[in-house]
Structure formats: C-alpha cells, structure tokens
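# Per-entry structural report
Residues per chain are reported as follows:
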Amino acid sequence: MDAIECIRTRRSIRGFKPQPVPKEILHEILETAVWSPSYKNSQPWEVIILSGRKKEELSDMLVGLFEKGTPTCPDIPEPTVWPEAENARIADLYRRRAEASGIRLDDPELLKKAKIANFRFYRAPHAVYLFQDASLTPWSLFDLGLFAQSLMLSAHARGIGTVPQAFATDYAQDVKRFLYIPETKRLILGMSIGYADPGSPANAFRTHRVDISEIVKWVE
Ligand SMILES: Cc1cc2nc3c(=O)[nH]c(=O)nc-3n(C[C@H](O)[C@H](O)[C@H](O)COP(=O)(O)O)c2cc1C
C-alpha cells in the first residue's frame, strides 16, 4: 500500500478480533512512528502499551469510576463549545451516523454505552496511551498529534486497526496512578489497537469530509 492509499483508507476501528498482535509487529509499528517530525527534533512522546490482564484491570477500573458517577479529570479538557464551522461538521457526523445505523450520538443512553465501549477499548487486545511532560508547550502537543497519526498509519499499512480515544483519558489521574506515570506528565490520548473485525457493525460506517474548497484559499 502506498502512502496516499494508506492515508485515504485509514478509518477508526471500533470492533476488534480478540487475537493479539505479535509483539514484533507492535515494535515495528512504533519504530516507524518515531520518524514523525517534531519541533527541534525534541520527540516529545511517551507510550505505554497494555495487553492481557493489566488491560482488563484498567478497563474494569475505568468502567467502575464511570458507573459510580466519578467526576472526570482529563489533563486536556473536553471541549464544550465549538466555532460555527466545526460545530456544523460535528452535527453532520451525528446526522449521517443516525441515518446510516440508527445510532444517535446525542442520545444520553447511547453516550453512556459509547463511554463504556471506549473504556473497554472496543474489546481490542491492546490499549495504547500517549503522554508527555506537562511542562511542554502547545508545539509539543502538536508533535504528539503527528506521532499519533504516524502510529495509526503505520498500523494500518500492516493490516492493523486503531481508534484514537480522548475519552480514554477521562480519568487521567487514576490512569496515571495505575500505570505509574508520574504526576508531572500529561496524558494526551488513548488508543485501541488490534485486528479489525470485518463483521462488526461498528466498522461499517464511513465518515465524510468537507470539500477542500471549504478550507483552502488559493493566493497567487
Ligand atoms: C484527538 C481525537 C480524539 C478522539 N476521541 C475519540 C473517542 O474518545 N472515542 C472514539 O470512539 N473516537 C474518537 N476519535 C475518533 C474520531 O471520532 C474520528 O477520527 C472521526 O470521526 C473521523 O473518523 P475516521 O477516524 O474514521 O476517519 C477521536 C479522534 C481524535 C483525532
């Protein structure tokens, strides 16, 4: 698969086969992702990959916190308001999703189920956490985003699915304690990783993109 096909065919995977990804392949995926660019080549990314019993224990903890109604404490707060253009795109996603699958992303009951599915990492065999030192500037957050995309593309090129998950950082303090990540770090993103289950209805939906005329101005 070439780079263009890889970028265009990657999609978020939310239904996985239980079979684990061999460690050598996870290793190769990460060794590719580290070739992402970063400000002054500072490489401000740290990664934890959880599998097996520890992954299940972490999921149980997150579901338990959620079911008890524990207030969330993400290191990067969840956005509550969006500018008009971005808000319209989110509304469009919700509408298309409801039309395609009857799933209403603004229904509180479904949101509850979606949160639990997130905390279970969509039953993927591995969960990834990306984090970095909390003293780093927004440029390093930008770099970590580049790293996350490289990781997802590097996995996709090897036939392995991923989904980035802000929700997996809802209980950042608890996750950091569980994973022995120091308080001085900020937890940026969770991610499920594994082989996509092609029969999962969650994988049938494909998101849309606005035409580039909406986002690009040509200046000559
Ligand atoms: C920073 C970030 C956070 C996200 N958080 C979640 C999440 O918590 N749960 C989830 O299921 N998807 C999450 N997503 C996936 C987006 O919903 C998805 O990328 C978007 O709808 C476009 O779909 P695609 O990835 O299939 O192209 C997140 C994506 C990004 C980039």
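Note on numbering: residues in each chain are counted from 1, in written sequence order. Whole-chain, interface and lining totals are the exception, using all residues; otherwise, since this is a predicted model, local features are given only for residues with pLDDT of at least 70 and side-chain atom pairs are given and counted only at 80 or more.

### Details of the environment of Phe147
Here a helix means four or more residues in a row that DSSP labels H or I, a strand means two or more in a row labelled E, and each is numbered from the N terminus. You can see Phe147 is positioned in helix α6 (residues 138-157). For every residue, the other C-beta atoms within 10 Å of its own C-beta are counted; 20 or more classify it as buried, 12 or fewer as exposed, and values in between as partly exposed. C-beta atoms are placed from the backbone. The exposure class assigned to Phe147 is buried, which follows from the 25 C-beta atoms found within 10 Å. Between the C-alpha atoms of Phe147 and Trp35, which are 112 residues apart in sequence, the distance is 8.2 Å. Whether two residues are in contact depends on their C-beta atoms, placed from the backbone: they are in contact if these lie within 7 Å. When sequence neighbours within four positions are dropped, the list of residues in contact with Phe147 reads Ala33, Ser36, Trp45 and Leu130.

### Quick word on the sheet that holds strand β4 (residues 185-194)
Hydrogen bonds between backbone groups are what pair the strands of a sheet, and the pairing can be parallel or antiparallel. Strand pairing is assigned whenever DSSP identifies at least 2 bridges connecting the two strands. Read across the sheet, four strands follow the order β1-β2-β4-β3 without closing on themselves; strand pairing throughout is antiparallel. Each of the sheet's edge strands pairs with one partner strand only, and the pair in question is β1 (46-51) and β3 (161-165). Geometrically, the sheet is characterised by an average inter-axis angle of 25 degrees between neighbouring strands, direction not taken into account. Bridging between strand β2 (residues 126-133) and β4 involves eight bridges; their strand directions are antiparallel. Bridge pairing in β4 links Ala127 to Ser192. Note on definitions: angles span 0 to 180 degrees between N-to-C directions of axes, and those axes are lines fitted to C-alpha atoms, for helices only across the stretch in contact. Sitting on the sheet, α6 touches β2, β3 and β4, and the angle it makes with β2 is about 155 degrees.

### Quick notes on the site of the ligand
For each residue, a C-beta atom is positioned from the backbone; the residue is called near a molecule or strand if that atom sits within 6 Å of it. The immediate surroundings of the ligand are formed by Arg11, Ser12, Arg14, Leu93, Asn118, Val163, Pro164, Gln165, Ala166, Phe167, Leu189 and Thr207. For the shell around the ligand, the leading source of residues is β3, giving three residues.

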